[in-house]
Amino acid sequence: MLSGTDKNNGQNIEMIQRHSFPPSCSKMVTAKAWALKKHFDGLPKASDLELITTELPNLKDGQLLLESVFLSVDPYMRPYSQRDMKEGDIMVGTQVARIVESKNPAFTAGTFVVARGGWRTHFISDGKDLLLLPSGWPESLPKSVALGTVGMPGLTAYFGLLEICKIKPGETVLVNAAAGAVGSVVGQIAKIGGCKVVGSTGSDDKVAYLKSIGFDEAFNYKTVASLDEALRKASPDGYDCFFDNVGGEFSSVAIHQMKMFGRIVVCGAVSQYNNTVPQKGTFVQFPIVFKQLRMEGFIVTNWYNRQEEALKALLKWVVEGKLKFHEHITEGFENMPMAFIGLFKGENLGKAIVKV
Ligand SMILES: NC(=O)C1=CN([C@@H]2O[C@H](COP(=O)(O)OP(=O)(O)OC[C@H]3O[C@@H](n4cnc5c(N)ncnc54)[C@H](OP(=O)(O)O)[C@@H]3O)[C@@H](O)[C@H]2O)C=CC1
Ligand SMILES: CCCCC/C=C/C=O
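Fair warning: this is a prediction, and the values are worked out from it, not measured in the lab. (Residues numbered from 1 in each chain as written. Chains lettered and ligands numbered in written order. Predicted model: local features only at pLDDT ≥ 70, side-chain atom pairs only at ≥ 80, totals over all residues.)

Our focus in this paragraph is the overall build of the chain. Tallying secondary structure elements over the chain gives 9 helices and 15 strands in all. For the chain, the C-alpha radius of gyration of 21 Å lies close to 21 Å, the compact-globule estimate for 356 residues. Its C-alpha atoms give the chain principal-axis dimensions of roughly 75 × 45 × 35 Å. When the 356 residues of the chain are sorted by exposure, 43% land in the buried category. Counting contacts in the chain only where the partners sit at least 6 residues apart, residues at least 24 apart contribute 66% of the total. (Helix = DSSP H or I, 4+ residues; strand = E, 2+ residues; numbered from the N terminus. Rg over C-alpha atoms; globule rule 2.2 N^0.38 Å. Buried ≥ 20, exposed ≤ 12 C-beta atoms within 10 Å, placed from the backbone. Contact = placed C-beta atoms within 7 Å.)

Looking now at unusual backbone geometry. For alanine 177, which is not glycine, the phi torsion reads 45° and is therefore positive. In this fold, alanine 177 is placed in the loop between β8 (172–175) and α3 (181–192). You can call alanine 177 buried: it has 29 C-beta atoms within 10 Å.

Moving on to the site of ligand 1. Taken together, 30 residues sit near ligand 1, with Gly180, Val182, Gly202, Gly268 and Gly346 positioned nearest. The class makeup of the residues in the shell around ligand 1 is 17 nonpolar, 11 polar and 2 charged. Each of domain 1 (29–148 + 326–355) and domain 2 (152–301) gives at least three residues to the shell around ligand 1. (Near = placed C-beta within 6 Å. Nonpolar A, V, L, I, M, F, W, Y, C, P; charged D, E, K, R; others polar. Domains from an automatic or database assignment.)

Close contact between helix α2 (residues 152–165) and helix α8 (residues 307–320) brings their axes to 10 Å; oriented N to C, the two are set at 100°. Relative to α8, the element α2 is oriented roughly perpendicular. For the pair α2 and α8, contact is made by Gly154, Leu155, Tyr158 and Phe159 and by Gln307, Ala310, Ala313 and Leu314, respectively. Its residues assigned to classes, the contact of α2 with α8 comprises 6 nonpolar, 2 polar and no charged. (Axes fitted to C-alpha atoms, helices over the stretch in contact; angles between N-to-C directions. Parallel < 35°, antiparallel > 145°, perpendicular 65-115°, else oblique.)

Written out as C-alpha cells, the structure reads:
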C-alpha cells in the first residue's frame, strides 16, 4: 500500500495499491501517478517528485474507472503541498477524464467529466465528486477549457471581480500575472463590464497578447525602469480595483496608487510561494486608512455553490467570442513536473495544461 494519504477528496477515490492483483482479475489497469517524494525547498525540482506505476483493482458496484485526458497544473499546488501534504502523498489536482468503465448507474462509459483525481493517469471514483461539462459545450471547444477559462481559474476571475471587487462601468482595474489562466479572464470580464483594464506581465510577447484580447494598457514588469512609474503612466488617476495574483513587491507599490475607496482582491501571491524564509514588506495601514480601501482575500471553492451560474456565463462569453482563451499545452504525463515548475518561471501563456 502507499505510505501517504490521499488528499484528492480521499473519500471518493480509491488509493492506488502498490501490490499486484491475482491473475484471476480480468481487467487489470496500469496507472501512473506523481507523488511528493520530498517537500519542495524554494523552486520545485523534478527530483522532488516521484513517478509511481501501479495496478488498479477491479471495480466494485457503484464505482467508475476514469482515464485522465487533460490535467491541470496550478500555482496553488505549491503552497498546498507545503501546508497540507506529507512526503509520499499523491499530488493534488484536477483533470478532464473519460469514464472508461462504469458500475455506477448515474454515469455511462465514454462520458467526459471534471474530476479531482490528483496527478494520476487512471483512478477509481464513486462518482460523488465528478462534474459533467456544462450543457451546450460545443464539439469544437477543447474539453481542456473546462480546466481553465470555463473552469476553476475562470470561476476565480468571475467571483473575485464581480463579487469581491464589485466592478462598475467606467472604473479602472489593475491585474497582475495578467496573461495567465486567472488574469487573462479577469481583464476580459472587466472589459465586458465596461472598465478600463491595465495588465502587468512578464514578457513582451505576453504584453502583445494582452493588447490583442482587449487590455487597454499592458506592460512588462521585468523590463520597466520603475514599476511605480509604469503604473502611473498606465492610469494617471490611479486604480479603483486591483486584482492581485502576485503579492510581494508589486502589491507594496500598487497599493499606493489606489483611488479613494478602492478595492483590492487578494487572489494569490505567486511571487511568494517559493520563499524559503518569511519576507518583510511595507506596512499597508496608511493607504488603507487614508484612502479608505477595502482589501479582501478569497478562495474560489467558497463560491462553488454558485458555480453552475458562473460556468454558464463563462461558456456563453466564450461561445460568443467575447472571452478569448489561450492554452499552454505540455504533452505527456511524464512531463507534469516540468509543466508545474514552468508556472514559476512564467513559461505559460494562458492556462497551463498537460495532455496525457
Ligand atoms: N484564491 C483562489 O481561490 C485562487 C487563487 N489563484 C491564484 O491566482 C494566481 C494566478 O494563478 P493562475 O492564473 O492559475 O496562474 P498563471 O496561469 O498566471 O501562472 C502563473 C504566472 O505567474 C507569474 N509569476 C510566476 N512567478 C512570478 C513571480 N515571482 N513574480 C511575478 N509573477 C510571477 C508568471 O507570469 P508572468 O510571465 O506574468 O510573470 C506565471 O506565468 C496565483 O497566485 C494563484 O495561486 C488561482 C486560483 C484560485
Ligand atoms: C480546487 C482548486 C482550489 C484552488 C484554490 C486556490 C487557492 C490559491 O491559489
